Amino acid sequence: MKKGQIIEGIVERMDFPNRGIVVCEEGVCTVKNALPGQKVRAAVNKARSGRYEGRLLEVLEPSPLETGSPCPHFGSCGGCTYMSFPYEESLKIKEGQVRRLLAPVLEKQDRECLFETAKASPAVFGYRNKMEFTFGDEVKDGPLSLGMHKRGSFYDIVSVTDCQIVDEDYRKILRCVRDYFEELQEQGVDVSFYHRLRHTGYLRHLVVRRAARTGEILAALVTTSQTPGRTAAERPGALAGMRETEREILAGLAGRLLALPLDGEIVGILHVRNDSAADVVQSDVTTVLYGRDYFYEELLGLRFKISLFSFFQTNSLGAELLYSTAREYISGYILTSEETAGEAADHIGGKIVYDLYSGTGTIAQLMAPVAKKVIGVEIVEEAVEAARRNVELNSLHNCEFIAGDVLKVLDGIAEKPDVIILDPPRDGVHPKALTKIIDYGVEHILYISCKASSLARDLEVFLARGYRAERCVAIDQFPWTAGVETVCLLSRKKQVANPLKISRE
């Protein structure tokens, strides 16, 4: 194959995270967004050392597995990958991806790892508790759009008014905000979207967070500090009471949102100013237009206070599954031969647990009731402050949270761990931090990974330093997308595991 060549072939499989492996007469080529079983046409855009990557041009024949998408935006919106497949098939694809990534590593250890069947998300539609929608246009100089980036495009925005991975409250809020600013534009008010090339414009993002358990909703309009323009001309039928000031524009938006018939309850409406040149959601200044700047969510009997920018798993029900699995893995292997599963809490009660990359402390708080002490380390200071507030909210007094880089903080902690839980960012654990973690010599390490390729890399080091993978499972936190979480329990080889104490279900 040569760069620029047009190829046709069948997608044999999907490799992590979104790479279709296309087999054609000329060889094998990796093509993003091509689904298993499809016959596709692609243009080769990279050819290096016998490896080829292509850009999808056309799906010539659908996959036999495709049954049609319930979302009208699928294919144009870049958010979902597998929406045209039955959910069970997409789950098998993700499990296969994780297995293929980890198999070359796990086959090197002296005992087989129990690799369980992937766990499905408790909810596959309307599951997200946070969405960041972007203002723009779908075609150049087209009408105002509010939604997600068009597949394969950095600039074009698709209005996802019928998105299926959020519930109807999100869709009502999105339509309300888009329609409100469309009406202002029709009246001659300059509330244009922010152009990422010219760095001009007002509207940037709409952020919506909704708690699955409490139904509380936080909505935030993100704009630049560029003042909206004045009305070009008075027209018959102008919005009643319409004035040119930004304050009144924002007040009008808040009024529209609060009038919506929602299943949940809006507890806060915020205005965020962001003048960063980067296409990111961040705050230079945040103003509360209505209510408060936080909401409450509940997971596994605990209550969490969450702000607009707090890290929190985007699938609340899926997070309960993820964390209960983590707790089960830890409990199941720390038992001695004389103990039963019901006595696990008493046994862990004497343990010091490190929760590294702890975020807002969700895992730490779930372990706290059955541990002597949990020490969380997180580099994002706002997340640490949120974790400290949440432990007070839940009356947990054996949790300590430290703000700082795991690599630098570990040397300063006097209390040594008995158990370590890792939940690192997508790039995995820093190599030097990984060495320090292994040097503690704890009997059990639980690794929660949002990027299986990073887990595979770090597992190589663990195995080389005397650990083995005992148990592993993929958990679908992000139905229909390419994302998947993996939970892996590691133990030192000197540890004599008692397989009779482990559930094989």
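Everything numeric in this text was worked out from a predicted model, so none of it was measured.

**So, the packing of aromatic side chains**
Within the structure shown, the criterion is met by eleven aromatic pairs. Summarising the aromatic geometry, the rings of Tyr 447 and Phe 462 are spaced 6.5 Å apart at their centres and angled 85° between planes, so their arrangement reads as edge-to-face. Separated by 15 residues along the polypeptide, Tyr 447 in strand 20 (residues 444-449) and Phe 462 in helix 10 (residues 452-464) bring together distant segments of the chain. Neither residue differs from the other here; Tyr 447 and Phe 462 are each classed as buried. Each ring, one from Phe 462 and one from Tyr 467, has its centre 5.9 Å from the other, and the planes form 80°; the classification is edge-to-face.

**Focus: the sheet that holds strand 20**
Here we have eight strands laid out as an open sheet, ordered 6-21-22-20-19-16-17-18, and mixed in their pairing. Taken across any chain shown, the strands that pair with only one partner, and hence form the sheet edges, are strand 6 (114-115) and strand 18 (399-403). In terms of strand pairing, strand 17 (residues 373-378) meets strand 18 through five bridges, oriented parallel. Counted as the bridge partner of Val 374 is Cys 399 from strand 18. Helix-sheet contacts for helix 9 (residues 431-439) involve strand 16 (352-356), strand 19 (419-422), strand 20, strand 21 (467-475) and strand 22 (485-492), and the interaxial angle to strand 19 is about 155°.

**Concerning the pattern of salt bridges**
Scanning the entire structure with this criterion turns up 34 salt bridges. For the salt bridge of Glu 53 with Lys 46, the shortest nitrogen-to-oxygen distance reads 4.0 Å. As a salt-bridge pair, Arg 210 and Asp 167 come within 3.3 Å of each other at their nearest N and O atoms. Separated by 43 residues along the polypeptide, Arg 210 in strand 10 (residues 203-210) and Asp 167 in the loop between strand 9 (157-159) and helix 2 (168-186) bring together distant segments of the chain.

**Focus on the nonpolar core**
Ranked by size, the top nonpolar core spans 88 residues in total, and within it Phe 181, Leu 356 and Leu 422 carry the most contacts. Discounting residues that sit within four places of it in the chain, Phe 181 has contacts with Phe 135, Leu 144, Val 191, Leu 203, Leu 221, Ile 249 and Leu 253. Among the nonpolar cores identified, the runner-up in size contains 44 residues, and Phe 295, Ile 330, Val 353 and Leu 396 belong to it.

**So, the layout of surface pockets**
In this structure, the second largest pocket occupies an estimated 850 Å³ of space. Taken together, 31 residues line the second largest pocket, and the ones lying closest to its centre are Val 31, Lys 32, Asn 33, Gly 54 and Leu 56. When residues of the lining of the second largest pocket are assigned to their parent elements, the largest contribution, seven residues, is made by strand 5 (residues 51-61). A class-by-class count of the residues in the lining of the second largest pocket yields ten nonpolar, twelve polar and nine charged.

**As for the confidence of the model for the protein**
Mean pLDDT over the protein stands at 89; residues scoring 70 or higher make up 91%. Contacts from residues 495-505, a stretch scored under 50 in pLDDT, to residues over four places away or in other chains number 24 contacts.

**Some points on the sheet that holds strand 8 (residues 144-149)**
Reading across from one edge, 9-8-7-10-11-12-13 is the order of the seven strands in this open sheet, with mixed pairing throughout. The open sheet is flanked by strand 9 and strand 13 (285-291), the only strands paired with a single partner. Averaged over neighbouring strand pairs, the angle between their axes works out to 35° when direction is ignored. Pairing of strand 7 (residues 130-137) with strand 10 involves five bridges; the strand directions are antiparallel. If you follow Thr 134 over to strand 10, its bridge partner there is His 205. Packing of helix 2 onto the sheet brings it into contact with strand 7, strand 8, strand 9, strand 10 and strand 11 (216-223), and relative to strand 10 it is tilted by some 155°. Strands in contact with helix 3 (residues 246-258) are strand 11, strand 12 (265-273) and strand 13; relative to strand 12, the strand with the most contacts, it is inclined by about 155°.

**A short note on empty space enclosed by the protein**
What the rule picks out here adds up to two cavities of 30 Å³ or more. By volume, the largest cavity is sized at about 40 Å³. Around the largest cavity sit Tyr 323, Ala 326, Arg 327, Ile 330, Ile 363, Leu 366, Met 367, Ile 421 and Leu 446, which together line it. Looking at the lining of the largest cavity, the element that brings in the most residues is helix 4 (residues 316-334), giving four residues. If you trace the second largest cavity, you find it lined by Leu 206, Ala 219, Ala 220, Leu 221, Leu 253, Leu 257, Ile 269, Leu 270 and Leu 289. Those elements that place two or more of their residues in the lining of the second largest cavity are strand 11, helix 3 and strand 12. Ranked by the residues each element gives to the lining of the second largest cavity, the list is headed by strand 11, at three residues. Residue classes in the lining of the second largest cavity are distributed as nine nonpolar, no polar and no charged.

**Some words on helix 9**
Here helix 9 has its buried residues at Ala 433, Leu 434, Ile 437 and Ile 438. Buried residues along helix 9 cover an arc of 135° about the axis, so they all sit on one side. Away from its buried face, by an angle of more than 90 degrees, helix 9 presents the exposed residues Lys 432 and Asp 439. Within two residues after helix 9, Gly 441 carries a phi angle of roughly 70°, on the positive side.

What counts and how
Residues numbered from 1 in each chain as written. Predicted model: local features only at pLDDT ≥ 70, side-chain atom pairs only at ≥ 80, totals over all residues. Heavy atoms only, no water. Phe/Tyr/Trp six-rings, centres within 6.5 Å; stacked < 30°, edge-to-face > 60°. Helix = DSSP H or I, 4+ residues; strand = E, 2+ residues; numbered from the N terminus. Buried < 20%, exposed > 50% of the residue type's maximum accessible area, 1.4 Å probe, protein only. Pairing = 2+ DSSP bridges. Contact = heavy atoms within 4.5 Å. Axes fitted to C-alpha atoms, helices over the stretch in contact; angles between N-to-C directions. Salt bridge = Lys/Arg side-chain N within 4 Å of Asp/Glu carboxyl O. Core = buried A, V, L, I, M, F, W, Y, C linked by side-chain atoms within 4.5 Å. 1 Å grid on protein atoms, 1.4 Å probe; cavity = no way out; pocket = protein on both sides within 12 Å on 5 of 7 lines; lining within 4 Å. Points joined across faces, edges and corners; volume = space filled by probe spheres on them. Nonpolar A, V, L, I, M, F, W, Y, C, P; charged D, E, K, R; others polar. pLDDT = per-residue confidence, 0-100. Arc of directions from axis to C-beta.

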